[in-house]
Amino acid sequence: MPYIETVTNQMLPPESTDAIAKKLGAAIELIGKSENWLQLSFAGGAKMYFQGKEVPQVYARVALVGSASDSAYAKLTARICEIYGEELGVPPDKIYIQYEEARVWGWNGSNF
């Protein structure tokens, strides 16, 4: 079950979140996961600073059960940066992506 959290200082109108959600749903396959289990959250309009300035930026956290290869993570990072660039106009050098690999993940009253 992958989870992607998007925090940005950009406004996120519904059409933007819908487009990002669709693209992230396809992108998650780059690390061998499925959109069928993908959970997403979006927080727009956050107060954020980068290099001491309020510039367009994104912080994303990708959490998943298990792991992926370094090359798969590299492909996903590139694609996520493309998605935020296309949909929010944020350049890749203003995007941070954190990956978390969970050994145990709870769902539906039990654990994976």
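Right, let's walk through the structure included here. As the structure is a prediction and not an experimental result, all values here were calculated from the model.

The rules behind the values
Residues numbered from 1 in each chain as written. Predicted model: local features only at pLDDT ≥ 70, side-chain atom pairs only at ≥ 80, totals over all residues. Heavy atoms only, no water. Helix = DSSP H or I, 4+ residues; strand = E, 2+ residues; numbered from the N terminus. Salt bridge = Lys/Arg side-chain N within 4 Å of Asp/Glu carboxyl O. Buried < 20%, exposed > 50% of the residue type's maximum accessible area, 1.4 Å probe, protein only. Phe/Tyr/Trp six-rings, centres within 6.5 Å; stacked < 30°, edge-to-face > 60°.

Focus on unusual backbone geometry
Okay, so step 1: The phi torsion at Gln-51 lies on the positive side, around 55°, for a residue other than glycine.
Okay, so step 2: As for its position among the elements, Gln-51 is in the loop between β2 (39–43) and β3 (58–65).
Okay, so step 3: Unlike most non-glycine residues, Asn-108 shows phi in positive territory, near 55°.
Okay, so step 4: In this structure, Asn-108 sits in the loop between β5 (106–107) and β6 (110–111).

Quick look at the pattern of salt bridges
Okay, so step 1: Enumeration according to the criterion identifies 8 salt bridges in this entry.
Okay, so step 2: Its salt-bridge partner being Lys-23, residue Glu-87 comes within 2.6 Å of it at the nearest N-O pair. Of this pair, Glu-87 sits in helix α2 (residues 70–88) while Lys-23 is found in helix α1 (residues 14–27), placing the two residues 64 residues apart along the sequence.
Okay, so step 3: On the basis of relative accessibility, which here comes to 24%, the residue Glu-87 falls in the partly exposed class.
Okay, so step 4: Its relative accessible area of 23% is what places Lys-23 among the partly exposed residues.
Okay, so step 5: The shortest N-O distance in the salt bridge between Glu-100 and Arg-61 comes to 3.1 Å. Taken together, the positions of Glu-100 in strand β4 (residues 95–102) and Arg-61 in strand β3 put the pair 39 residues apart, joining distant regions of the chain.

Regarding the packing of aromatic side chains
Okay, so step 1: If you walk through the whole model with that rule in mind, you get 5 aromatic pairs.
Okay, so step 2: Ring geometry for Trp-37 and Phe-112: centres 5.9 Å apart, planes at 90°, overall edge-to-face. Of this pair, Trp-37 sits in the loop between α1 and β2 while Phe-112 sits in the segment after β6, and the two are 75 residues apart along the sequence.
Okay, so step 3: Judged by its relative accessible area of 40%, Trp-37 is partly exposed.

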